[in-house]
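As a plain string of letters, each chain reads:
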2 protein chains.
Amino acid sequence: MEAVPVWLRERRTGVGRPAERSRAEVTAAAIALADREGLAAVSMRRVAAELGTGAASLYRYVDSRDDLLDLMSDEVAAGYELPAPEGPWLPGLLEVCRQGRELMLRHGWLPELVLTRSALGPHGTDLLEHTLAVLAGHPADVGRKLETFAVMNTLTAAFALNELNGDSGACRRQGAYLAHAITAGRHPHLAAALTSAPLVPAPRFEDTVSRVLVGLLGQ
Amino acid sequence: MEAVPVWLRERRTGVGRPAERSRAEVTAAAIALADREGLAAVSMRRVAAELGTGAASLYRYVDSRDDLLDLMSDEVAAGYELPAPEGPWLPGLLEVCRQGRELMLRHGWLPELVLTRSALGPHGTDLLEHTLAVLAGHPADVGRKLETFAVMNTLTAAFALNELNGDSGACRRQGAYLAHAITAGRHPHLAAALTSAPLVPAPRFEDTVSRVLVGLLGQ
DNA sequence: CTTGTTCGGGAACGCTGTTCGCGAACAACG
DNA sequence: CGTTGTTCGCGAACAGCGTTCCCGAACAAG
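Numbers given to residues run from 1 along each chain, matching the order in which its sequence is written. For naming, the first written chain is A and the first written ligand is 1, with later ones following in the order written. Only residues with pLDDT of at least 70 are given local features in this predicted model, and only at 80 or more are side-chain atom pairs given and counted; all residues enter the totals for whole chains, interfaces and linings. Based on all heavy atoms of the structure, the side-chain values leave hydrogens and waters out of the count.

- For chain A, the name recorded in an unreviewed UniProt entry is TetR family transcriptional regulator, with Actinoplanes utahensis as its organism.

See the structure below:
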């Protein structure tokens, strides 16, 4: 029934044996491990080994592995550089998306976390605040602005995920089946599409996001 | 190095001991289990127990748990009812999204699979073919149409996921932290937004998707 | 020095995906 | 009918997982 998110459970008083590590240290170790070997490698035991300690010790800093994943997401979100918003809103939002994509490409495990869990930590909250600030002069109602924030994150993560998976095996598999589906003959439009164009066209990230944002917010 | 996807690995010849079950039966059992207890409950042992057999037996029908998840996704995609496309493209695509959302709400484990893995099985391929058929008369190039297909699926899944998580604990946690962030005072726009509007406004699915599609494809 | 409190972490529990290998079941062939 | 080839069912085992228990150690305060 602990409805309190990770970020609010803070360090106890200065009494008792002092902790040898900090929550930030644990988070950093988990991020380093994920960057090196992927999200699946982030187990409590592996993270603990990274720190030269035992798995059970981590539970002094984190309530569960899921909490640790939330901390990782939010910590990366600290990498946004958010200047004071000025000028028209579209370039402002595009800059946010551009930075988001870069962070996600640098941390290939991030898109999965962003897409499947929606926890907003301190830095995520700052990002939302910045987005609302960019849209401060826009006439859309609050609901649509929040919706825009969610769509931006989702689309950026999905885009980054595609880019990351694009070169590896996942796309080959799909390609293999699509090729089979084409030769079967019952998918004329698909056949026409895939023979008339490169299989994986260079995705135009900013153009696509821009169109979506204009669709949502007008102008 | 098996680049062949699940759907192409077919039943062997009629030689040897006949199988007691079928791949479809295994898939159906996994779906039933996921519907009842969620995706986390879909372990090889649990699915096997559902069928009254041993866990190792499943590997006669499926190469891995991931394969089974792909089969589950595609099997649900068989639930689309795709009439021959006619009329303008926007209502045609909206109907696809509407059906997708309904399927995902009926199978709460689907959004996660759609968002994180992009495998296209036979029924997914049919859906793509249908989408391209609806857009047959549209002047956009092939790349943008494929992109539109991906965005439709992603957005629908993300929307459904939010609806499914909306009432449960996940949103409470977020709300708890956001409330804290507001009282801290450093997020004026956020504070204004969350006090001037209901915390979780009724999401207007079709309106949002419609705006995004028009943004991507024009008109 | 004692007391209160916290931290570190080995050990254990129940679970997971997957592999191995053996016995059983069947089709085809002689 | 018997033999052979092949597939299937699946118990047992392996390595790994998240998490909890619990006890000894380490410190602050009195």
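**Notes on the overall build of chain A**
For step 1, the next point in the chain: Numbering of helices and strands starts at the N terminus; helices are DSSP runs of H or I of at least 4 residues and strands are runs of E of at least 2. In terms of regular secondary structure, chain A is built from 10 helices and zero strands.
For step 2, the next point in the chain: Listed by position from the N terminus, the elements making up chain A come as α-α-α-α-α-α-α-α-α-α.
For step 3, the next point in the chain: Overall size of chain A, expressed as C-alpha extent along the three principal axes, is 70 × 45 × 30 Å.
For step 4, the next point in the chain: Only protein chains enter the calculation, and the probe is 1.4 Å; a residue is then buried if its accessible area is under 20% of its type maximum, exposed if over 50%, and partly exposed in between. The buried share of chain A, taken over its 219 residues, is 45%.
For step 5, the next point in the chain: Long-range contacts, defined as pairs at least 24 residues apart, comprise 72% of the intrachain contacts of chain A with a sequence gap of at least 6.
For step 6, the next point in the chain: Here the open area of atoms and residues is found with the Shrake-Rupley method and a 1.4 Å probe, where only the protein chains shown may cover a residue. In the structure as shown, chain A presents an accessible area of about 10900 Å², 54% of it carried by carbon and sulfur atoms. Contact between two residues is taken to exist if any of their heavy atoms lie within 4.5 Å; hydrogens are not considered.

**Overview of the packing of aromatic side chains**
Residue and element names in this part refer to chain B.
For step 1, the next point in the chain: Two aromatic rings, drawn from Phe, Tyr or Trp (for Trp, its six-membered ring), form a pair once their centres lie within 6.5 Å of each other, and the interplanar angle then sorts them: stacked below 30 degrees, edge-to-face above 60, tilted otherwise. In the structure shown here, the tally under the stated rule is four aromatic pairs over all chains.
For step 2, the next point in the chain: Seen in terms of ring centroids, phenylalanine 159 and phenylalanine 205 are 5.1 Å apart; in terms of plane orientation they differ by 70°. Their pairing is edge-to-face. One end of the pair, phenylalanine 159, is in helix H7 (residues 142-166); the other, phenylalanine 205, is in helix H10 (residues 205-217), and 46 residues separate them in sequence.
For step 3, the next point in the chain: Given the relative accessible area of 12%, phenylalanine 159 is considered buried.

**Thoughts on the interface of chain A and chain B**
For step 1, the next point in the chain: With 56 residues of chain A in contact, the opposing surface of chain B contributes 56 residues.
For step 2, the next point in the chain: Note on definitions: buried area is the accessible-area loss of two parts on being combined, 1.4 Å probe, summed for both. Contact between chain A and chain B buries roughly 4900 Å² in total, counting both sides, with carbon and sulfur atoms accounting for 62%.
For step 3, the next point in the chain: On the chain A side of the contact with chain B, Glu129, Arg173 and Tyr177 of chain A bury the most area, a combined 13% of that side's loss.
For step 4, the next point in the chain: Every case where a carboxyl oxygen of Asp or Glu lies within 4 Å of a side-chain nitrogen of Lys or Arg is listed as a salt bridge. Linking chain A with chain B are six salt bridges, by the criterion used here.
For step 5, the next point in the chain: Between glutamate 147 of chain A and arginine 204 of chain B there is a salt bridge whose closest N-O contact spans 4.0 Å.
For step 6, the next point in the chain: N or O atoms within 3.5 Å of each other form a polar contact, as long as, within protein, one can give a hydrogen and the other can take it, and as long as residues adjacent in sequence are counted only when both atoms are side-chain atoms. Scanning the region where chain A abuts chain B turns up 12 residue pairs in polar contact (both at pLDDT 80 or more).

**Observations concerning the UniProt feature "domain: HTH tetR-type" (unreviewed entry) in chain A**
For step 1, the next point in the chain: UniProt positions are given in the numbering used here, feature names are shortened, and annotations may be inferred rather than shown by experiment. When the UniProt feature table is mapped to this numbering, "domain: HTH tetR-type" (unreviewed entry) covers residues 20-80 of chain A.
For step 2, the next point in the chain: For residues 20-80 of chain A, helix accounts for 59% and strand for 0%, while the C-alpha atoms at its two ends are 29 Å apart.

**Points about the relation of the copies chain A and chain B**
Two copies of one chain are present, and they are related through a rotation about an axis combined with an axial shift.
For step 1, the next point in the chain: The copies were overlaid by least squares, fitting only the C-alpha atoms of residues that reach a pLDDT of 70 or more in each copy. Superposition of chain A onto chain B requires a rotation of 180° combined with a translation of 0.0 Å along the rotation axis, giving an RMSD of 0.0 Å. Here the copies are linked by what is in effect a two-fold axis. Within chain A, the C-alpha atom positioned nearest to the axis of rotation is that of glycine 215 of chain A, 2.0 Å from it.

**As for helix H7 (residues 142-166) of chain A**
For step 1, the next point in the chain: To estimate how far a helix should extend, the number of its residues minus one is multiplied by 1.5 Å. For H7 of chain A, which comprises 25 residues, the first-to-last C-alpha distance of 36 Å matches the rise-based estimate of 36 Å (1.5 Å per residue) to within 8%.
For step 2, the next point in the chain: For H7 of chain A, the N-terminal capping position is held by aspartate 141 of chain A, with its side-chain oxygen 3.2 Å away from the main-chain nitrogen of glycine 143 of chain A.

**Some thoughts on the domain arrangement of chain A**
Residue and element names in this part refer to chain A.
For step 1, the next point in the chain: How far each domain reaches was decided by an automatic or database domain assignment. We note that the domain assignment places domain 1 (6-11 + 18-76) and domain 2 (83-217) within chain A.
For step 2, the next point in the chain: Just the C-alpha atoms count here: the centres of domain 1 and domain 2 sit 28 Å apart.
For step 3, the next point in the chain: On the side of domain 2, 14 residues touch domain 1, which itself brings 13 residues to the contact.
For step 4, the next point in the chain: Overall, the association of domain 1 and domain 2 removes approximately 1200 Å² of surface from exposure, summing both partners, and the carbon and sulfur fraction of that is 63%.
For step 5, the next point in the chain: At the boundary of domain 1 with domain 2, the tally comes to two salt bridges.
For step 6, the next point in the chain: If you look at where domain 1 meets domain 2, you find seven residue pairs in polar contact (both at pLDDT 80 or more).
For step 7, the next point in the chain: Tallying contributions element by element places helix H3 (residues 65-77) first for the side of domain 1 that touches domain 2, with eight residues.
For step 8, the next point in the chain: Any residue outside Ala, Val, Leu, Ile, Met, Phe, Trp, Tyr, Cys, Pro, Asp, Glu, Lys and Arg is labelled polar, Gly included; the first ten of those are nonpolar and the last four are charged. Residues of the side of domain 1 that touches domain 2, tallied by class, amount to seven nonpolar, one polar and five charged.

**A word on helix H3 (residues 65-77) of chain B**
Residue and element names in this part refer to chain B.
For step 1, the next point in the chain: With 13 residues, H3 ought to run about 18 Å at 1.5 Å a step, and its terminal C-alpha atoms sit 19 Å apart, in line with that.
For step 2, the next point in the chain: Of all the 13 residues making up H3, 10 are buried; the element is thus mostly covered by neighbouring parts of the structure.
For step 3, the next point in the chain: Those residues of H3 lying buried are Asp67, Leu68, Leu69, Asp70, Leu71, Met72, Ser73, Asp74, Val76 and Ala77.

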